[in-house]
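# Inside the fold
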Amino acid sequence: MIKNYKTLSVIALLAATSLTATAQRKDDVESHSQYLTAVDEYRPAPGQFVNIYPKFDEGDNEAKIIEKCTNLLKGAPKDREYSLVTLGSFGGYITFHFDHSIANIEGAKDFVVRGNAYENGSEPGIVMVSKDTNGNGLPDDEWFELAGSAQNPTYGYSITYSRNEQKTTDWTDNQGESGTMKRAFELDDDGNEIPFHDQDYYPMWQSADNYTLTGTRLPDNGVQTSTNPEYWRLDAFEWGYVDNLAATDVEGSSFDISWAVDSNRNPVKLDFVDFVRVYTALNQECGWLGETSTEVVGSWDLHLDQSLATIDEAMFSTVDFEDYILQAESSWNGSNMTGEKITDEWGAEVCKNIYQSNGFRFTNLYNPQWGSWAGMAISNMTANNFVDYTTSQYNNCIGSGYNGSANFGVFFPSASKAIEVVGDEDQEVSGFYITNSAWNVKAYLEGDGQTDGCFATGDWCKLTITATRSDNTTATADVYLADYRSDNAAEHGYIDNWQWVDLSSLGKIRTLAFAVSSSRNNEWGMTTPGYFCMDNFNGVADETAISENTIARTTTAVEVARYTIDGKLIHAPQRGINIIRMSDGSMRKVVVK
Ligand SMILES: [Ca+2]
Ligand SMILES: [Ca+2]
Ligand SMILES: [Ca+2]
Ligand SMILES: [Ca+2]
């Protein structure tokens, strides 16, 4: 049972925050800064200021150049004539982060990226944002572009540059065009071209002789206003780009995370961002001016205090899975493999991927050889039936997340710890909503195809939840996903709605592990599909849902005594194998490391 007092206090906390908030990053520093902290990536296209801003010195490698970028851009913006980073021609980019996630404050712009634009000198760059969904501190997660005002851009524009030292830089694009980037020059009195620059245009620290950059190409903005003398004007777009409106125009250099779109140009709702990327969005050459390149001078969070407060509120609040951005009718199963390569319990090489949300880390194991996964996946499938493994593996038996929400977790437990608490302190977990996968329901009602017939008197399918604490003590909870054990057929049933699993009696925990077992087994193991579906982890139980909770018989057990392998009673975990007696009389064996 949920105590009313506790339920109310949790509701009061949630009311003050966004329901989709996800704390991703808050560095452990004495005081947080609104300004850019560090550059993660710098990959300019060739350009006339490449190898100058930042300056390439003989022997510099990419890491050294990135460190130079950080030194130019971190903290409050400095001199925009000299303390800047050039991105070169189309597609050249820089990625940076702050010492905290930037919250997407509703109805407000969220951060500034300053360039060095001036009137008639606009070199627009497009902004992209990303969340550290896998919690590894690296910008290796999905990226979303911030849409701007330009009409008729070319999406998915791709260009390849080739090294040609001290000469023109050749390029080809994916639209069948090619060209050369001429070295910028001025004409002397006799009409001879005198080069502006003596350094190479191609990134000197880069070993590859050609490379490809991709993005959205904006329509050319260069206009030649006179031929003799030759003058050019680079027009500004209305809004939405870096190095576009005058550098001193803070409003015109401000960005709203709500402008984010996915690869189909559909808006996406991001609660926080952890990384910002800027790339040059034009591929044009304007006479003696040369190519157009975006410059970055600095960046800052427009609402530091609100970002920090939103992170604090999100920590250990409800994980509703809505912060994982999915295309319609799709799922995430770890196939993007951003995690570390490990050997799983069966000896297979798998990728251990993490989904981190609100202070909890969920583990997914993806096997690229078989295209299979274990642990957890995230789905927004709206079908609630099972046709076959390929089309229906991510369907639950309802067709939505809890309370009609889009996203929910699909769990296929493996031996690994499914959920871990981020940080040093164990946390109490209120519980979660559970329902059956469509596949399990099909097996209960129509049979699993390996053992005879559908579920009948005596059959059951059960989820066992094992919590482990920092002191290595354990607690368990069992939930029947289907329960046909009674002799009275009227009591047979399976979970066919979202039901609350109360874990508050487990106390403060560090990890949760799951196991599905059933009465149907053959010589290879369980024949019932080993899935269950979850939503609103550590959420708030709906009292009416609990009163309707007739099938999910949740029983929890805590440790009451502990023994060594030879039966000696011990009062604290001891290295090696410990035998644990639980409050429901069951015995468990754990290995204490
Ligand atoms: Ca906003
Ligand atoms: Ca990451
Ligand atoms: Ca510029
Ligand atoms: Ca949900």
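Residues numbered from 1 in each chain as written. Chains lettered and ligands numbered in written order. Predicted model: local features only at pLDDT ≥ 70, side-chain atom pairs only at ≥ 80, totals over all residues.

This part takes up the sheet that holds strand S9 (residues 178–181). Reading across from one edge, S9-S8-S7-S12 is the order of the four strands in this open sheet, with antiparallel pairing throughout. The outermost strands of the open sheet, each flanked by one partner alone, are S9 and strand S12 (210–217). Mean inter-strand twist for the sheet, computed between neighbouring axes without regard to direction, equals 30°. (Pairing = 2+ DSSP bridges. Helix = DSSP H or I, 4+ residues; strand = E, 2+ residues; numbered from the N terminus. Axes fitted to C-alpha atoms, helices over the stretch in contact; angles between N-to-C directions.)

Moving on to helix H5 (residues 438–446). In terms of residue burial, H5 counts as a mostly covered element, since seven of its nine residues are buried. For H5, the secondary structure elements touched by its buried residues are helix H4 (389–392), strand S31 (459–468), strand S32 (474–484) and strand S33 (493–494). At the C-terminal side of H5, Gly447 shows a positive phi close to 95°. (Buried ≥ 20, exposed ≤ 12 C-beta atoms within 10 Å, placed from the backbone. Contact = placed C-beta atoms within 7 Å.)

Glancing now at the sheet that holds strand S15 (residues 254–255). The three strands lie next to each other as S15-S4-S21, forming an open sheet whose pairing is antiparallel. Unpaired on one side and paired on the other, S15 and strand S21 (298–301) mark the two borders of the sheet. Two elements, strand S4 (residues 111–114) and S15, share two bridges in a ladder whose sense is antiparallel. Residue pairing in the sheet places Phe111 in a bridge with Phe255 of S15.

Under the domain assignment, the chain is made up of domain 1 (24–149 + 220–314), domain 2 (331–553) and domain 3 (556–593). Between the C-alpha centres of domain 1 and domain 3 there is a distance of 56 Å. (Domains from an automatic or database assignment.)

Before going further, it helps to spend a moment on the nonpolar core. Of all hydrophobic cores here, the largest spans 70 residues; its most connected members are Phe411, Ala418, Ile434, Leu481, Leu512, Phe532 and Met534. Per-element tally for this core: the top contributor is S32, with six residues. With 61 residues, the next largest nonpolar core counts Tyr53, Ile159, Tyr202 and Trp259 among its residues. (Core = buried A, V, L, I, M, F, W, Y, C linked by C-beta atoms within 7 Å.)

Attention now goes to the environment of Ser317. Tracing the chain through its elements places Ser317 in the loop between helix H3 (304–314) and strand S22 (331–332). Residues Ser317 and Asn536, 219 residues apart in the sequence, show an inter-C-alpha distance of 9.3 Å.

So, about unusual backbone geometry. Omega for the peptide link from Tyr53 to Pro54 comes to 0°, which places this bond in the cis form. Look at the link from Asn228 to Pro229: it is a cis peptide, with omega at 0°. Among the structural elements, Pro229 can be located in the loop between strand S13 (222–227) and strand S14 (230–234). Phi at Phe316 is positive, roughly 60°, even though this residue is not glycine. Position of Phe316 among the secondary structure elements: in the loop between H3 and S22. Although it is not a glycine, Asn538 sits at a positive phi angle of roughly 60°. Turning to its location among the elements, Asn538 is positioned in the loop between strand S39 (532–535) and helix H6 (543–547).

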